[in-house]
Amino acid sequence: MPNQSDQTQHETIGRVVDGSLTRGMEIKLESSISIEDINNGTYVVIQGKHNRFVAMVTDLTLGTSDQNLKFNLPDMSDPLIREIVKGSLTYNSLSVRPGKVLPAVRGDHSDTTEARTIPEFFSPVFRASQNDMESIFGKEDENNFFIGHPLDMDTKICVDPRQLIKRSCGVFGRSGTGKTFLARLLMIGVLQHTEAVSLIFDMHNEYGESGQDNDRGGAVSGLKTLFPGQVSIFTLDENSSKLRKARYDEVVRIGYSDIEPEDIESLTQTLNLSDVAASIPFTLKTTLGDNWFKQLVETDGQEALNKLASEVQVQPQAMRALRNRLLRLTRFDFLDENPQYNSLNRLLDKLKDGMHVVLEFGRHGNDLTAYILVANLLTRRLHNKYRELTEESDAERGTGPKPLVICIEEAHRFLAPGIASQTIFGQIAREDRKFNITLMVIDQRPSGIDSEIMSQIATRISCLLNDERDVDAVLSGSPNSRELKSVLSRLNAKQEALFFGDAIPMPILIRTRPYGDNEHYQDLTSPSWKTGGQNTDSDKDSRRDLDALFGNS
Ligand SMILES: Nc1ncnc2c1ncn2[C@@H]1O[C@H](COP(=O)(O)OP(=O)(O)OP(=O)(O)O)[C@@H](O)[C@H]1O
Ligand SMILES: [Mg+2]
């Protein structure tokens, strides 16, 4: 799509005819502009007397000054009558929501400010130019990561990944809308532009070596393939990695003694445990210590179990039920009675070295019990370690451990009302970066996330959602939720997202940056700000010409 040429940018497309600071403005379109050329979610600039306001189109309306027109329609087959009626009795209008005030001089890149006033009556309205968009969202450079384009422009919309991970963020959308592709891109932004490290719980093996491209078929490169020196892959399922011919750096082994009562509590739903059964591990641990899990699963036979139950003073029936369910866990080959090494320490060492870790679940990703167990168990231990490191460094007035971003798919399984107050993920979201950890949650059912946790998700990126409850959940707490709802509910089913919240100056509708072929990878691994402009569009054109000339593929 071409950039808005200077001429179209300077063409007045309408004028302010109504509005208020709280409701937004109404713009009457010039008769020369077809309403079909304006999309919901597009950006416009209103030139007030002293200020240039940037605003997002949030609704489009056909209006008439004669209410009887629709009942007494003149003969519209006559072009002359049609033109007269159109020009005198009808008009098209846009509802827009001013968000920012641009610097007074066009092209000046000083800071934009919040819109605290509104433009005067009849102020002219223009399409936003590339310069205007850059003034608001920044240019692709060492601070800003290019994430996508506005709907009807080729301008690059950028986000500062340091702002993104300052607090927790979320990527939402129904299945197949591009959440994983977006999250992968955002993680690349974090990897390239911040000091932070990340841990990705890669349920479906899409982030490490390669991922699936459902539309074009075949595979797309993962983070390790693009950034081998900065990414380490841990696998829970060595056989699956070998079958997929996927590299890995470490095989994760979790000892029986690593399992904590809280880990079992987080499996209450998936293992279908009664509340009484779910509370027994706490009693067992107090009495038996770290070996409680091993002792319980190895206690066989009714008599022995009854004896253990009376020793620790719990209901024998509930304990039998608990043991039966926990036996399922012993079938996971990543659980080991006596592992030869401590995977958590190896994971911590990698993070300390500044590596980003992708934890692939292999076939275990299809088993929700394994996913919830491992994600909770590792995150709780990491959190403890981070707390220690932060407290130590506070005592020495240091800066603490490297910020850590934990990325989880199917987030509502960890953050649902009722469990969010107990799970470590709920705690991290509520702590709001106290120990240098934030979350990137990915979910297709945001209405399943506890509303208090949702309010901690400071930046939200949402692809299309079908269910109205999900739309409401994603927009909850946002100042312009009514207008944004109209934009969000009209997204295309793929590769489009509404981006809003702390890390982005104004809500913006984007076409997500494309990902999947060599040119895209090169733009990511050697962006033009790194190569000193060696990767610009014209540079790429000449490289293509040279390749064609010398027959390079
Ligand atoms: N930025 C992009 N560039 C290229 N293709 C994309 C992009 N975003 C999405 N797609 C296409 O859409 C498909 C679905 O995207 P993705 O796997 O990210 O969806 P999802 O929302 O994570 O789905 P699920 O809920 O099933 O996990 C991809 O396989 C790919 O073909
Ligand atoms: Mg996905």
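Above this text sits the structure in question.
All values reported here derive from a predicted model rather than from experimental measurement.

A. Summary view of the overall build of the protein. Of the regular secondary structure elements, the protein holds 22 helices and 23 strands. Its C-alpha atoms give the protein principal-axis dimensions of about 95 × 65 × 50 Å. Each of the 553 residues in the protein was classed as buried or not, and the buried ones make up 52%. A separation of at least 24 residues holds for 70% of the contacts in the protein among residues at least 6 apart in sequence. Each charge sign in the protein was given a centre, from 63 positive and 79 negative side chains, and these centres are 2 Å apart.

B. Seen up close, the nonpolar core. Phe201, Leu326, Leu359 and Phe425 are the most contacted members of the largest nonpolar core, which totals 135 residues. In terms of residues, this core owes the most to one element, helix 14 (residues 368-395), which gives 10 residues. When near neighbours in sequence (up to four residues on either side) are disregarded, Phe425 contacts Phe201, Ala375, Asn376, Thr379, Ile406, Ile408, Phe414, Leu415 and Leu439. Among the nonpolar cores identified, the runner-up in size contains 18 residues, and Ile35, Phe53, Ala55 and Leu94 belong to it.

C. Molecular detail of the packing of helix 13 (residues 343-352) against helix 14. Running from N to C, helix 13 and helix 14 point in directions that differ by 55°, and their axes come no closer than 11 Å. Viewed along their axes, helix 13 and helix 14 adopt a mutual orientation that is oblique. Where helix 13 crosses over helix 14, the two elements pack in a sense that is right-handed. Listed contacts from helix 14 to Leu344, Leu347, Leu348, Leu351 and Lys352 of helix 13 are Leu378, Arg381, Leu382, Lys385 and Leu389. A class-by-class count of the residues in the contact of helix 13 with helix 14 yields seven nonpolar, no polar and three charged.

D. Layout of the pattern of salt bridges. If you walk through the whole model with that rule in mind, you get 31 salt bridges. Here Arg162 makes a salt bridge to Asp160, at a shortest N to O gap of 3.0 Å. Under the relative-accessibility criterion, Arg162 is labelled partly exposed at 39%. Overall, the relative accessible area of 14% leaves Asp160 in the buried class. Three or more residues joined by partner-sharing salt bridges are found here, namely Asp258, Glu260, Lys285, Asp290 and Arg381.

E. Molecular detail of the site of ligand 1. In the vicinity of ligand 1 there are 20 residues, among which Lys179, Thr180, Asp213, Asn214 and Arg216 approach most closely. Note that an oxygen atom of ligand 1 is positioned 2.8 Å from one of the backbone N or O atoms of Gly176. Within the backbone of Asp215, one N or O atom sits 3.0 Å away from an oxygen atom of ligand 1. Burial of ligand 1 by the protein chains amounts to 91% of its free accessible area of 630 Å².

F. Spatial organisation of the sheet that holds strand 22 (residues 496-501). Taking strand neighbours across the sheet as the criterion, the 12 strands line up as 9-8-23-22-21-10-20-19-11-18-14-15 in an open arrangement whose pairing is mixed. If you trace the sheet from one side to the other, it starts and ends with strand 9 (157-159) and strand 15 (250-251), each paired once. Sheet analysis places strand 22 next to strand 23 (residues 508-512), joined by four bridges and oriented antiparallel. Opposite Glu496, over in strand 23, you have Arg511 as the bridge partner. In this fold helix 13 packs onto strand 11 (197-202), strand 14 (231-235), strand 15, strand 18 (356-360) and strand 19 (404-408), with an angle of close to 170° to the strand it touches most, strand 14.

G. Focus on the packing of helix 9 (residues 275-288) against helix 12 (residues 316-330). Across the interface, helix 9 lies against helix 12 with an axial gap of 9 Å and an inter-helix angle of 90°. The angle between helix 9 and helix 12 falls in the class roughly perpendicular. Along the contact surface, helix 9 presents Val276, Ala277, Ile280, Pro281 and Leu284, while helix 12 presents Ala318, Met319 and Leu322. Class assignment for the residues of the contact of helix 9 with helix 12 results in eight nonpolar, no polar and no charged.

H. Summary view of the packing of aromatic side chains. For the coordinates displayed, the defined rule picks out 11 aromatic pairs. Taking 5.9 Å as the distance between ring centres and 80° as the angle between the ring planes, the aromatic pair formed by Phe181 and Tyr515 counts as edge-to-face. With Phe181 in helix 5 (residues 179-193) and Tyr515 in the loop between strand 23 and helix 20 (518-525), this pair connects stretches of sequence that are 334 residues apart. According to the relative accessible area criterion, Phe181 is partly exposed, its value standing at 22%. Both rings, one in Phe332 and one in Phe334, keep their centres 5.1 Å apart while their planes meet at 10°; by these two values the pair is stacked. Three or more aromatic residues joined by ring pairs make a cluster, and in this case those are Phe201, Phe361, Tyr371, Phe414 and Phe425. The ring centre of Phe181 lies 4.6 Å from the NZ or CZ of Arg184, which sits over that ring. The aromatic ring of Tyr341 is capped on one face by Arg346, whose charged end is 4.1 Å from the ring centroid.

I. A look at the pairing of strand 20 (residues 437-443). Burial analysis of strand 20 places seven of its seven residues in the buried class, which makes it a mostly covered element. Here strand 20 shows no split at all, with Ile437, Leu439, Val441 and Asp443 on one side and Thr438, Met440 and Ile442 on the other all buried. Here four bridges tie strand 10 (residues 169-172) to strand 20, and the two strands are oriented parallel to one another. Note that in strand 20 the partner of Phe172 across the bridge is Asp443.

J. The arrangement of unusual backbone geometry in detail. Even without a glycine there, the phi angle at Asn272 is positive, about 55°. For Asp432, which is not glycine, the phi dihedral falls at a positive 55°. Counting through the fold element by element, Asp432 comes out in the loop between helix 16 (424-431) and strand 20. Of the residues examined, Asp432 reaches a relative accessible area of 33% and is grouped as partly exposed.

K. Spatial organisation of the environment of Ile35. Positionally, Ile35 belongs in the loop between strand 2 (24-29) and strand 3 (43-47). Relative accessible area serves as the criterion here: at 17%, Ile35 is assigned to the buried category. For the pair formed by Ile35 and Ser93, sequence separation is 58 residues and the distance between their alpha carbons is 8.0 Å. Beyond its immediate stretch of four places on either side in the chain, Ile35 contacts Leu29, Leu60, Thr61, Leu62, Asn92 and Ser93.

L. Here's a closer look at helix 5. For helix 5, built from 15 residues, the straight-helix expectation of 21 Å at 1.5 Å per residue is met to within 8% by its first-to-last C-alpha distance of 21 Å. Across the 15 residues of helix 5, 14 count as buried, placing the element largely inside the fold.

M. Molecular detail of a negative patch on the surface. A surface patch of negative charge is lined by Glu391, Glu392, Asp394 and Glu396. Structurally, the position occupied by Glu396 is in the loop between helix 14 and strand 19.

Quick notes on the rules
- Residues numbered from 1 in each chain as written.
- Chains lettered and ligands numbered in written order.
- Predicted model: local features only at pLDDT ≥ 70, side-chain atom pairs only at ≥ 80, totals over all residues.
- Heavy atoms only, no water.
- Helix = DSSP H or I, 4+ residues; strand = E, 2+ residues; numbered from the N terminus.
- Buried < 20%, exposed > 50% of the residue type's maximum accessible area, 1.4 Å probe, protein only.
- Contact = heavy atoms within 4.5 Å.
- Lys, Arg positive; Asp, Glu negative; His and termini not counted.
- Charge placed at Lys NZ, Arg CZ, Asp CG, Glu CD.
- Core = buried A, V, L, I, M, F, W, Y, C linked by side-chain atoms within 4.5 Å.
- Axes fitted to C-alpha atoms, helices over the stretch in contact; angles between N-to-C directions.
- Parallel < 35°, antiparallel > 145°, perpendicular 65-115°, else oblique.
- Left-handed = near helix turned anticlockwise from the far one by under 90°.
- Nonpolar A, V, L, I, M, F, W, Y, C, P; charged D, E, K, R; others polar.
- Salt bridge = Lys/Arg side-chain N within 4 Å of Asp/Glu carboxyl O.
- Near = heavy atom within 4 Å.
- Polar contact = N/O pair within 3.5 Å; in protein donor to acceptor, adjacent residues only side chain to side chain.
- Areas by Shrake-Rupley, 256 points an atom, 1.4 Å probe, with all protein chains shown as cover.
- Pairing = 2+ DSSP bridges.
- Phe/Tyr/Trp six-rings, centres within 6.5 Å; stacked < 30°, edge-to-face > 60°.
- Lys NZ or Arg CZ within 6 Å of the ring centre and 35° of its normal.
- Expected span 1.5 Å × (residues − 1).
- Patch = residues over 30% accessible without salt bridge, like charges linked within 9 Å, V, L, I, M, F, W, Y side chains within 5 Å.

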